2 protein chains.
Amino acid sequence: MNAESSRQARRARAALSRLMEPTDWVGLALVAVAGPVDALRIATGELAAGTALQDELAGVLDRGPGKGSGALLAEALQRWAPRVKDLAPDRDLATIARFGGALLVPGDELWPPALADLQLGAPLCLWVRGSFQAGIAPAGRAVALVGSRDSTGYGNAVAGDLAAGLVQQGCCIVSGGAYGIDAQAHRSALAAAEGPGPATVAVMACGLDRYYPAGNEELLRAVADRGLLIAEVPPGAAPTRWRFLQRNRLIAALAGATVVVEARWRSGALNTAHHAAELGRPVGAVPGSVYSANSAGTHRLLRDGSAVCVTGAAEVAELLGPVDAAAGAENGGWQAQPADHDGLGVEDLLLLDALPVRRGVTAERLAVVAGLPVPRVLAGLGRLEIGSLAVQDATGWRRGRRG
Amino acid sequence: MNAESSRQARRARAALSRLMEPTDWVGLALVAVAGPVDALRIATGELAAGTALQDELAGVLDRGPGKGSGALLAEALQRWAPRVKDLAPDRDLATIARFGGALLVPGDELWPPALADLQLGAPLCLWVRGSFQAGIAPAGRAVALVGSRDSTGYGNAVAGDLAAGLVQQGCCIVSGGAYGIDAQAHRSALAAAEGPGPATVAVMACGLDRYYPAGNEELLRAVADRGLLIAEVPPGAAPTRWRFLQRNRLIAALAGATVVVEARWRSGALNTAHHAAELGRPVGAVPGSVYSANSAGTHRLLRDGSAVCVTGAAEVAELLGPVDAAAGAENGGWQAQPADHDGLGVEDLLLLDALPVRRGVTAERLAVVAGLPVPRVLAGLGRLEIGSLAVQDATGWRRGRRG
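Computed from a predicted model, the values in this text were never measured in an experiment.

### A short note on the side chain of A:Asn294
Then, in step 1: For A:Asn294, the position within the fold is in the loop between strand E8 (283-285) and helix H11 (296-303).
Then, in step 2: Here the side chain of A:Asn294 touches A:Asp150 through a polar contact of 3.0 Å, landing on its backbone oxygen.

Set out below in structure tokens:
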């Protein structure tokens, strides 16, 4: 399409993002079949929807609710009507520009391919602020860290360690800019950031001209400065419960894996995890104290099998790529120490236990203690001696130490 | 069988338990085909094994290692020979009697049926001390609580709470009498005990005439007094690594479910969990801090899917019986509180968010804010008003509170 029509389409999507709530299925279907420009003209009553279009709409909406498309469209038009007079896409585009931001639409080079997994539920457009020119991290390198707003010191520490560890491995941390775990994840990601490209992305439920929650203004300014702010709602839009719930699907879709660090039994973070699971993205949950209300939700995810237990950055990274058992083994940080008896057969084990530590004894005595015939004892002593687990001196055979 | 032959069989098993190490496959197979009395005579060289018996032995041993039964038996005879002169079953039986204990053999009324799941690996006999007359709890009411010897305060608290909670639900706590988690589980079970029958069972790796570890002597005496001590090795037997490993299979087999409370990356508790899994018994693991070395093992079990995440006594009890989601929901102790917006449809949710808390507004205004047609707003307000989530006054419509 030429520059002018492209400009029109971009302007139309900007307008539609104010007219329609996130995941307004009829609206999204209308754009899918009529394109943004005509969709806007239809949505604002400027253009009537022909029967051909309504049939197409019916086809697309088989993926949405199950009414006749005509009725659904009529209903939607009523729904959109009250907002038509408030439409001001040029003003909104000027506003985001004033904040050094931009509007991304499908087809743009910077449009995140991962959003295609949302199918009809993909956002009409993305309002962005920050270092978006460097490009948004591909889902394969983006991890969503989410959790309680009233997080504990433990949850904050884990969120901080995971974010830092993942950023150091070249990952980008996606979260919701909320208090608690979200804030800790963004903060730690910014602190660990080195390379170009945003180390963290905050997906907002309100317009990017405001900072919500207010207490996070400084942090969100920092994210806008050195990271990336994203919203599907236009400047000026207020954060509503519905927009928060829909925002969570964007967090899950932009990240290759979602990790719940802390969550109460009922928590928005679980909603994000649910979106990730629906998208077929791996979900991780951080274990914690059984006495902590802030871990009841993560333990719930572990119990019902909808999340994998993750205890460190390496295990989270595994969620993104192919599972690497070895890395998993190390990452807890509690790598197993080899023990003297590793790899010994049953008889050698019996013999090892029978060997006295100080004063040596005869092979015959060992045969009694270990419950082995003398020849086997002698053979076993030979094997253990090679590993210096058995040593012979004037007193007889006694226990040695490997290495 | 008559009283005399029964006495002979009992005496023979007592002797065999000293002659053979736990799970000596050839020995167990020999007893299976020849019966304990002849098995002892063969094992001690008093009686030769006929070809017919050797053929039977070969059949049984298909479940064991894969050599010819003749060679295996010859080898075993050499293995047992050094201990023949130490056999003194009457002395051992007198010893256990002196401690107020007894010897249980298969067929006894008190013999735990659950041990049958060990098939050929079932113990030759059980040396018991304590309130065994009341009977050992059936596996369906027995839970194994195991874990680190160097447990943390957190692990001890969880072990104590789980043991107390389970005993109050009529369960019996099975463990290994070791320091740390084992000791805490036994102690808490004894403290919570009310009804008849042992509230806790300590399965020992040494003879019941000794208390190992020494530091637990007082606790083990209390278990022997008000609970139950069990061992498959005879009085005087020393605790060896091999016997500890085999003891773990008895813990797993006697319990309907095994729960690892705390475990390092390498831990004997994981061995017990492994035995439980092999027996097809459910395994639970208690989550903990990702910074605790003592939870690295439990998190490993959760990660590789070999254990279910358990956070309270009710969830552990679920492992024993059919899963009850409701109980699971409650037991974390963090039962979800109903929220104002529970069960509301999308439109009502949008409307609820649009309602001002203080000064009321008109339905037309709400239509703009919520993005809904006026008629739907009025319908929705009607629904919300019923739940008193919306109230109308002179100023117009505003937010109400449920209940």
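Having seen it, we continue.
### Some words on the relation of the copies chain A and chain B
Then, in step 1: Between the two copies, chain A and chain B, the superposition gives an RMSD of 0.1 Å; the rotation angle is 180 degrees and the shift along the axis is 0.0 Å. With respect to symmetry, the two chain copies, as superposed, fit the operation of a two-fold axis. Of every C-alpha in chain A, the one belonging to A:Gly288 sits nearest the axis of rotation, 2.3 Å from it.

### Notes on the sheet that holds strand E7 (residues 257-262) of chain B
Residues and elements named next belong to chain B.
Then, in step 1: The strand order across the open sheet formed by nine strands is E1-E2-E6-E5-E4-E3-E7-E8-E9, and the pairing between neighbours is mixed. Since the sheet does not close on itself, it has two edges, and those belong to strand E1 (102-104) and strand E9 (308-309), each with one partner.
Then, in step 2: Where E1 lies against strand E2 (residues 126-130), three bridges are found, and the strand directions are antiparallel. Counted as the bridge partner of Leu104 is Leu126 from E2.
Then, in step 3: Sitting on the sheet, helix H12 (residues 313-320) is in contact with strand E3 (142-147), E7, strand E8 (283-285) and E9, with an inclination near 150 degrees to E7.

### Details of the side chain of B:His275
All names here are of chain B.
Then, in step 1: When you line up the elements, His275 lands in helix H10 (residues 268-278).
Then, in step 2: Residue classification places His275 among the buried residues on the basis of a relative accessible area of 15%.
Then, in step 3: Reaching out from His275, the side chain makes a polar contact with the backbone oxygen of Leu245 at a distance of 3.5 Å.
Then, in step 4: The residues touching His275, leaving out its near neighbours within four places in the chain, are Leu245, Asn248, Arg249 and Ala252.

### Concerning the layout of surface pockets
Over the atoms a probe the size of a water molecule is rolled, and this reveals where empty space is left.
Residue and element names in this part refer to chain B.
Then, in step 1: The space that makes up the largest pocket amounts to roughly 1300 Å³.
Then, in step 2: Together, 42 residues line the largest pocket, and Arg149, Leu245, Ser267, Gly268 and Ala269 are the ones closest to its centre.
Then, in step 3: Those elements that provide at least two residues to the lining of the largest pocket are E3, helix H9 (241-254), H10 and helix H11 (296-303).
Then, in step 4: The residue inventory of the lining of the largest pocket, partitioned by class, reads 19 nonpolar, 13 polar and ten charged.

### Overview of the sheet that holds strand E1 (residues 102-104) of chain A
Residues and elements named next belong to chain A.
Then, in step 1: Pairing is mixed in the open sheet, where nine strands are placed in the order E1-E2-E6-E5-E4-E3-E7-E8-E9. The open sheet is flanked by E1 and strand E9 (308-309), the only strands paired with a single partner.
Then, in step 2: For strand E3 (residues 142-147) and strand E4 (residues 172-175), the ladder comprises three bridges, and the chain directions are parallel. For Ala142, the partnering residue across the bridge sits in E4 and is Cys172.
Then, in step 3: Contacting strand E2 (126-130), strand E5 (200-203) and strand E6 (228-231), helix H8 (residues 217-226) crosses the sheet at an angle of about 100 degrees to E6.

### Digging into the confidence of the model for chain A
Then, in step 1: Scored by pLDDT, chain A comes out at a mean of 90, with 94% of its residues at no less than 70.
Then, in step 2: Considering only residues more than four positions removed or in separate chains, one finds that residues 322-337 of chain A, a stretch of pLDDT under 50, has 24 contacts.

### Concerning the domain arrangement of chain A
Then, in step 1: Parsing chain A into structural domains produces domain 1 (3-86), domain 2 (102-320) and domain 3 (346-399).
Then, in step 2: For domain 2 of chain A and domain 3 of chain A, the distance between their C-alpha centroids amounts to 59 Å.

### Section: the packing of helix H6 (residues 153-168) of chain A against helix H12 (residues 313-320) of chain A
Residue and element names in this part refer to chain A.
Then, in step 1: Running from N to C, H6 and H12 point in directions that differ by 60 degrees, and their axes come no closer than 9 Å. Accordingly, the angle class assigned to the pair H6 and H12 is oblique. Where H6 crosses over H12, the handedness of that crossing is right-handed. Together, Leu162, Gly165 and Leu166 of H6 and Ala313, Val316 and Ala317 of H12 make up the contact between the two elements.
Then, in step 2: Residue classes in the contact of H6 with H12 are distributed as five nonpolar, one polar and no charged.

### Points about the interface of chain A and chain B
Then, in step 1: Facing 59 residues of chain A, the contacting portion of chain B comprises 59 residues.
Then, in step 2: A combined buried area of about 5100 Å² lies between chain A and chain B, and 61% of that area is made up of carbon and sulfur atoms.
Then, in step 3: Applying the counting rule to chain A against chain B returns eight salt bridges.
Then, in step 4: Put simply, B:Arg241 and A:Asp353 hold a salt bridge, and the shortest N to O gap is 3.0 Å.
Then, in step 5: Here chain A is connected to chain B by 24 residue pairs in polar contact (both at pLDDT 80 or more).

### Some remarks on the packing of aromatic side chains
Then, in step 1: Tallying each qualifying case throughout the model produces four aromatic pairs over all chains.
Then, in step 2: Geometrically, the ring pair formed by A:Tyr154 and B:Tyr291 is edge-to-face, given 6.1 Å between the ring centres and 85 degrees between the ring planes. One end of the pair, A:Tyr154, is in helix H6; the other, B:Tyr291, is in the loop between E8 and H11, on a second chain.
Then, in step 3: Centroid distance A:Tyr212 to A:Phe244: 5.9 Å. Interplanar angle 50 degrees. Geometry classified as tilted. Taken together, the residues span a long stretch of sequence, with A:Tyr212 in the loop between E5 and H8 and A:Phe244 in helix H9 (residues 241-254) at a distance of 32 residues.

### Things to note about the packing of helix H1 (residues 3-19) of chain A against helix H5 (residues 89-98) of chain A
Residue and element names in this part refer to chain A.
Then, in step 1: At a closest axis distance of 9 Å, the pairing of H1 and H5 adopts a crossing angle of 95 degrees. Overall, the two elements H1 and H5 adopt an arrangement that is roughly perpendicular. On the side of H1, the interface is formed by Arg11, Ala14, Ala15 and Arg18, while H5 contributes Pro89, Asp90, Arg91, Asp92 and Leu93.

### Regarding the pattern of salt bridges
Then, in step 1: Going through the model one piece at a time under the given rule, you end up with 42 salt bridges over all chains.
Then, in step 2: One salt bridge connects B:Asp348 with B:Arg383, and the closest N-O pair in it is separated by 2.7 Å. In this pair, B:Asp348 sits in helix H14 (residues 346-354) while B:Arg383 sits in helix H16 (residues 374-386), placing the two residues 35 residues apart along the sequence.
Then, in step 3: You can call B:Arg383 partly exposed: its relative accessible area is 42%.
Then, in step 4: Look at the salt bridges and you will find they share partners, linking A:Arg18, A:Arg91 and A:Asp92 into a network.

### As for H9(B)
Residues and elements named next belong to chain B.
Then, in step 1: Between its terminal C-alpha atoms H9 stretches 20 Å, which fits the 20 Å expected from 14 residues at 1.5 Å a residue.
Then, in step 2: Most of H9 is tucked away: eleven of the 14 residues are buried.
Then, in step 3: For H9, every residue scored as buried is listed here: Trp242, Arg243, Gln246, Arg247, Asn248, Arg249, Leu250, Ile251, Ala252, Ala253 and Leu254.

### What about the state of the cysteines?
Residues and elements named next belong to chain A.
Then, in step 1: Inspection of the entire model under this criterion finds zero disulfides over all chains.
Then, in step 2: The closest cysteine sulfur to the non-disulfide-bonded Cys206 is located on Cys125, 15 Å from its own sulfur.
Then, in step 3: Given the relative accessible area of 1%, Cys206 is considered buried.

### As for H12(B)
Then, in step 1: With six of eight residues buried, H12(B) is to be regarded as a mostly interior element.
Then, in step 2: Buried within H12(B) are the following residues: B:Ala313, B:Glu315, B:Val316, B:Ala317, B:Glu318 and B:Leu319.

### Focus on unusual backbone geometry
Then, in step 1: A cis geometry characterises the amide bond from A:Tyr212 onward to A:Pro213, with omega recorded as -5 degrees.
Then, in step 2: With respect to the helices and strands, the residue A:Pro213 is situated in the loop between E5 and H8.
Then, in step 3: Phi angles above zero are rare outside glycine, and B:Gln119 is one such case at about 50 degrees.
Then, in step 4: Its place among the elements puts B:Gln119 in the loop between E1 and E2.

### Section: the pairing of E4(A)
Residue and element names in this part refer to chain A.
Then, in step 1: By the alternation rule, side chains of E4 split into Cys172 and Val174 and Ile173 and Ser175, which are all buried.
Then, in step 2: Regarding topology, H6 serves as the crossover connection from E3 to the parallel E4, and that connection is right-handed.
Then, in step 3: Alignment of E4 against E5, held across three bridges, turns out to be parallel. The residue of E5 that forms the bridge with Val174 is Val201.

Definitions and cut-offs
- Residues numbered from 1 in each chain as written.
- Chains lettered and ligands numbered in written order.
- Predicted model: local features only at pLDDT ≥ 70, side-chain atom pairs only at ≥ 80, totals over all residues.
- Heavy atoms only, no water.
- Helix = DSSP H or I, 4+ residues; strand = E, 2+ residues; numbered from the N terminus.
- Polar contact = N/O pair within 3.5 Å; in protein donor to acceptor, adjacent residues only side chain to side chain.
- Least-squares fit on C-alpha atoms with pLDDT ≥ 70 in both.
- Pairing = 2+ DSSP bridges.
- Contact = heavy atoms within 4.5 Å.
- Axes fitted to C-alpha atoms, helices over the stretch in contact; angles between N-to-C directions.
- Buried < 20%, exposed > 50% of the residue type's maximum accessible area, 1.4 Å probe, protein only.
- 1 Å grid on protein atoms, 1.4 Å probe; cavity = no way out; pocket = protein on both sides within 12 Å on 5 of 7 lines; lining within 4 Å.
- Points joined across faces, edges and corners; volume = space filled by probe spheres on them.
- Nonpolar A, V, L, I, M, F, W, Y, C, P; charged D, E, K, R; others polar.
- pLDDT = per-residue confidence, 0-100.
- Domains from an automatic or database assignment.
- Parallel < 35°, antiparallel > 145°, perpendicular 65-115°, else oblique.
- Left-handed = near helix turned anticlockwise from the far one by under 90°.
- Buried area = accessible area lost by both parts, 1.4 Å probe.
- Salt bridge = Lys/Arg side-chain N within 4 Å of Asp/Glu carboxyl O.
- Phe/Tyr/Trp six-rings, centres within 6.5 Å; stacked < 30°, edge-to-face > 60°.
- Expected span 1.5 Å × (residues − 1).
- Disulfide = S-S within 2.5 Å.
- Right-handed = clockwise from strand over helix to strand, strands pointing away.

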